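# Breakdown of the fold
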Amino acid sequence: MEEVKTTGRQAFFEHTYGHEHHDHIICLSCGKVIEFYSSDIEKLQEEICRKNRFKSVRHILEIQGYCRDCAHA
């Protein structure tokens, strides 16, 4: 288990051993966390680092907003 620290006030734990890298969508109302992976986003991050001569070690991407249930409430 690894603690995932978000840019907000919350933190959560997730099983990371043997799992590929992924990012998160987090509902600001109910706290639901949706995991996703995008090869386009990964390529863009690599390109940005390369252009800035920056060696990336890790990154955290989270998108905050409202899930379908909370957005309709």
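Residues numbered from 1 in each chain as written. Predicted model: local features only at pLDDT ≥ 70, side-chain atom pairs only at ≥ 80, totals over all residues. Heavy atoms only, no water.

## Re the layout of surface pockets
Empty pockets left among the atoms are what a rolling probe the size of a water molecule brings to light. Under the convention used in this document: The way it works is a 1 Å grid over only the protein atoms, where trapped points that fit a 1.4 Å probe form a cavity and open points with protein on both sides within 12 Å along at least five of seven lines form a pocket, and then any residue with an atom within 4 Å of a point lines it. Grid points are joined across faces, edges and corners, and a volume is the space filled by probe spheres set on the points. Three categories are distinguished: nonpolar for Ala, Val, Leu, Ile, Met, Phe, Trp, Tyr, Cys and Pro, charged for Asp, Glu, Lys and Arg, and polar for the others, with Gly belonging to the last.
Computed from the structure, the second largest pocket encloses a volume of approximately 180 Å³. In terms of lining residues, the second largest pocket is bounded by His21, Glu42, Gln45, Glu46, Cys49, Ser56, Val57, Arg58 and His59. Split by residue class, the lining of the second largest pocket holds two nonpolar, four polar and three charged.

## Focus on the sheet that holds strand β3 (residues 23–27)
Quick reminder of the rule: Between any two strands, pairing holds if DSSP finds at least two bridges. Only runs of H or I of at least four residues qualify as helices and only runs of E of at least two qualify as strands under DSSP, and these elements are numbered from the N terminus. Here the axes come from fitting lines to C-alpha atoms, over the contacting stretch only for helices, and the angles between their N-to-C directions go from 0 to 180 degrees.
Spatially, three strands are ordered β4-β3-β5 in an open sheet, and the strand pairing comes out mixed. Looking at strand neighbours, the two that pair on one side only are β4 (33–36) and β5 (62–65), the edges of this open sheet. Strand-to-strand twist across the sheet, computed as the mean angle between neighbouring axes with direction ignored, equals 20°.

## Thoughts on the confidence of the model for the chain
Put simply, the rule reads: pLDDT gives the predictor's per-residue confidence on a scale running from 0 to 100.
When pLDDT is averaged across the chain, the result is 82; 74% of the residues are at 70 or more. Of all secondary-structure elements in the chain, the lowest mean pLDDT belongs to strand β1 (residues 2–5), at 50, while helix α1 (residues 39–51) reaches the highest, 95.

## Some points on unusual backbone geometry
Spelled out, the test is: In this scheme, a residue with accessible area under 20% of its type's maximum is buried, one over 50% is exposed, and one in between is partly exposed, where area comes from a 1.4 Å probe on protein chains only.
Positive phi outside glycine occurs at Arg53, with the angle close to 50°. Among the structural elements, Arg53 can be located in the loop between α1 and β5. The exposed category is assigned to Arg53, whose relative accessible area is 80%.

## So, the pairing of β3
With respect to burial, β3 is a largely interior element, four of its five residues being buried. Where β3 folds back onto β4 in an antiparallel hairpin, the turn is made up of five residues, including Gly31, whose phi is positive at roughly 85°. Direction of pairing for β3 relative to β5: parallel, over a ladder of four bridges. Opposite Ile25, over in β5, you have Ile63 as the bridge partner.

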